[in-house]
Amino acid sequence: MDELIKQTLLYDFYGELLTKHQKEIYEQFILEDLSLGEIAQDRGISRQGVHDTIRRCEKTLEGYENKLHLIRKFLTIKEKVHQIDNLLDTYQEKEKEILIQEIRQISDEIIEEL
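Residues numbered from 1 in each chain as written. Predicted model: local features only at pLDDT ≥ 70, side-chain atom pairs only at ≥ 80, totals over all residues. Heavy atoms only, no water.

J.: I would appreciate a short explanation of the overall build of the chain in the present structure.
T.: A tally of regular secondary structure across the chain gives 6 helices and 0 strands. Shown N-terminal to C-terminal, the secondary structure of the chain runs as helices and strands in the order α-α-α-α-α-α. For the chain, whose C-alpha radius of gyration is 20 Å, the value lies well above the compact-globule estimate of 13 Å for 114 residues. A principal-axis box enclosing the C-alpha atoms of the chain has dimensions of 65 × 25 × 20 Å. Counting every position in the chain, which comprises 114 residues, the buried fraction comes to 26%. (Helix = DSSP H or I, 4+ residues; strand = E, 2+ residues; numbered from the N terminus. Rg over C-alpha atoms; globule rule 2.2 N^0.38 Å. Buried < 20%, exposed > 50% of the residue type's maximum accessible area, 1.4 Å probe, protein only.)

J.: What am I meant to see in the pattern of salt bridges here?
T.: Two side chains carrying opposite charge are able to pair once their charged atoms lie near each other. Considering all chains together, one arrives at 5 salt bridges under this definition. One salt bridge in this structure joins E16 and K23, with 3.1 Å as the shortest N-O distance. (Salt bridge = Lys/Arg side-chain N within 4 Å of Asp/Glu carboxyl O.)

J.: How should I be thinking about the side chain of E58 in this particular structure?
T.: Position of E58 relative to the elements: it lies in helix α4 (residues 47-68). With a relative accessible area of 13%, E58 lands in the buried category. Apart from the residues within four sequence positions on either side, E58 is in contact with Q7 and Y26. (Contact = heavy atoms within 4.5 Å.)

J.: In this structure, what is going on with the packing of helix α2 (residues 20-31) against α4? I would like to understand it.
T.: Think of two packed helices as two axes; the pair is described by the angle between the axes and how far apart they sit. Running from amino to carboxyl end, α2 crosses α4 at an angle of 100°, the nearest separation of the two axes being 9 Å. For the element pair α2 / α4, the angle class is roughly perpendicular. Across the interface between the two elements, H21, Q22, I25, Y26 and F29 of α2 pack against V50, T53, I54, R56, C57, E58 and L61 of α4. A per-class count over the contact of α2 with α4 returns 7 nonpolar, 3 polar and 2 charged. (Axes fitted to C-alpha atoms, helices over the stretch in contact; angles between N-to-C directions. Parallel < 35°, antiparallel > 145°, perpendicular 65-115°, else oblique. Nonpolar A, V, L, I, M, F, W, Y, C, P; charged D, E, K, R; others polar.)

J.: Can you help me understand a nonpolar patch on the surface in this one?
T.: A cluster of nonpolar residues, M1, I5 and L75, forms a patch on the protein surface that exposes about 300 Å² of accessible area. As for its placement among the helices and strands, M1 is situated in the segment before α1 (3-14). Given the relative accessible area of 62%, M1 is considered exposed. (Patch = residues over 30% accessible without salt bridge, like charges linked within 9 Å, V, L, I, M, F, W, Y side chains within 5 Å. Areas by Shrake-Rupley, 256 points an atom, 1.4 Å probe, with all protein chains shown as cover.)

J.: It is not clear to me how the packing of α2 against helix α3 (residues 36-43) should be interpreted in this structure. Could you clarify?
T.: Running from amino to carboxyl end, α2 crosses α3 at an angle of 140°, the nearest separation of the two axes being 9 Å. Between α2 and α3, the angle falls in the class oblique. Here α2 runs over α3; the crossing is right-handed. Across from H21, E24, I25, Q28 and F29 in α2, the residues of α3 making contact are L36, I39, D42 and R43. (Left-handed = near helix turned anticlockwise from the far one by under 90°.)

J.: Sorry, what's going on with the side chain of Q28 here?
T.: Counting through the fold element by element, Q28 comes out in helix α2. Side chain to side chain, Q28 and R43 meet in a polar contact 3.5 Å long. When near neighbours in sequence (up to four residues on either side) are disregarded, Q28 contacts D33, L34, I39, D42 and R43. (Polar contact = N/O pair within 3.5 Å; in protein donor to acceptor, adjacent residues only side chain to side chain.)

Note that all results are geometric; they support no functional claim without further evidence.
What follows is the structure, given as structure tokens:
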């Protein structure tokens, strides 16, 4: 998995568990794509302070995932829903059209909930 996507997922799932200060710096770095220098200047702290905060956030978020596995579960369920969609795409019997639509609707709802 791409590192940026991984960090974004970690933040999406566990970001609310960070302190306000950590959230703001991490958002600026990951979501707003600001450099360490830009964040440091904006916050009035050193680049090293920003770097340390980001690394601490990454370790904290990864620790939550290692214990809770919410992202792993999310990706597994998402893959299974895609498998259902693929099976439905290959199914050709016209009599089962209503069933197919209902299953597709359910799978769409699952994806939206995740």
